[in-house]
Amino acid sequence: MLIDTHCHLDFKDFDLDRDAALERAKVAGIGRIINIGSSIEGSRRSVALAQKYDMVYASVGIHPHEAKSLTASFLAELKSLATSPKVVAIGEVGLDYYRNLSPKNEQIATFEAFIALAGELSLPLVIHARECGNDVIDMLKKIRQASTIHGVMHCFSGNAEFLKKCLDLGLYISFTCNLTFKNAKALRQTAKAVPIERLLLETDAPYLAPEGMRGKRNEPAYMVTLLDEWSKILGL
Ligand code: NI
């Protein structure tokens, strides 16, 4: 069974054809979808989708762009949402200095709060790291001295050195359809170093449609394109 471990079916992009998109996913062989919360409202919607659809599971969290919106009462609400039966992870959470839509210090404080929540609830983290150097790695390393961490580095797009740091931390590695892009030769080369038992698949739909469909809306059914790319890379 294939699992799309990261998508955003709760976004408006799917309002007109959510049921049909799930049907197409099933036909394509996708048996489970993890819908990722990326804001307070998104986390609520994510849990609601998991309640509505058998094949959908949920995560709750706040994208680093939204980090400044986290208040104590929202954190309490997310904690209670995270105890819903089909919530399987905390995320997406992390750091993103690419556009710094939330100030750096607030991103760090929010990420810390979610790392603590994941530890408390024994849930894995879905980690978003962009243009943040070693900050995510350093924060996770510090925590790791006191307790174990479980999680996935989502939408991996780093180099071999960053990959090694993630693997050393015990993280799973997940590539989106960015791996299928014509200009992603270096990334495909880096990807070869991921042990297959540490590999996850995801679409991050509606974002990052595969090569040949770039600029269009992505959806879980297109994950088969990513699977094809992996079979080429691994020679399977
Ligand atoms: Ni995402």
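Our subject is the structure listed above.
Note that this is a predicted model, so its numbers are computed, not measured.

(A) Layout of the coordination of the nickel ion. Every protein donor of the nickel ion is listed here as His-6 (NE2), His-8 (NE2), Glu-92 (OE) and Asp-204 (OD), and their distances to the metal cover 2.2 to 2.3 Å. The site at the nickel ion holds 4 donor atoms, and with the angles between them running 85 to 176 degrees, its shape is irregular. Counting the intervening residues between successive donors of the nickel ion yields the motif H-x1-H-x83-E-x111-D. With His-8 in the loop between β1 (2-7) and α1 (18-27) and Glu-92 in strand β4 (residues 87-96), this pair connects stretches of sequence that are 84 residues apart. For the pair His-8 and Glu-92, one class covers both residues: buried.

(B) Inspection of the sheet that holds strand β2 (residues 30-36) at higher detail. In space, the 8 strands of this open sheet follow the order β1-β2-β3-β4-β5-β6-β7-β8, with parallel pairing throughout. For this open sheet the edge positions go to β1 and β8 (199-201), each flanked by a neighbour on one side alone. Going from strand to strand, the sheet's axes swing by 30 degrees on average, the running direction of each strand aside. Here 5 bridges tie β4 to strand β5 (residues 125-130), and the two strands are oriented parallel to one another. From the neighbouring strand, Val-93 faces β5, where its bridge partner is Ile-127. Helix α2 (residues 40-52) rests against β2, β3 (56-60) and β4 of the sheet, and its axis sits at about 160 degrees to β3.

(C) Examining the nonpolar core more closely. Among the nonpolar cores identified, the biggest contains 66 residues, and Ile-90, Leu-140 and Phe-175 are the most heavily contacted of them. Element by element, the count of residues in this core is highest for helix α4 (residues 104-121), at 5 residues. Once residues lying within four places of it in the same chain are set aside, the contact partners of Ile-90 are Val-60, Ala-82, Phe-114, Leu-117, Ala-118, Leu-123, Pro-124, Leu-125 and Val-126. Core analysis: the second largest hydrophobic core is formed by 5 residues, Ile-36, Ala-89, Val-126 and Val-152 among them.

Rules and cut-offs
- Residues numbered from 1 in each chain as written.
- Predicted model: local features only at pLDDT ≥ 70, side-chain atom pairs only at ≥ 80, totals over all residues.
- Heavy atoms only, no water.
- Donors = N, O, S within 2.8 Å, 3.2 Å for Na, K, Ca; no water.
- Tetrahedral: all angles 85-135°; square planar, octahedral: opposite > 155°, others 65-115°.
- Helix = DSSP H or I, 4+ residues; strand = E, 2+ residues; numbered from the N terminus.
- Buried < 20%, exposed > 50% of the residue type's maximum accessible area, 1.4 Å probe, protein only.
- Pairing = 2+ DSSP bridges.
- Axes fitted to C-alpha atoms, helices over the stretch in contact; angles between N-to-C directions.
- Contact = heavy atoms within 4.5 Å.
- Core = buried A, V, L, I, M, F, W, Y, C linked by side-chain atoms within 4.5 Å.

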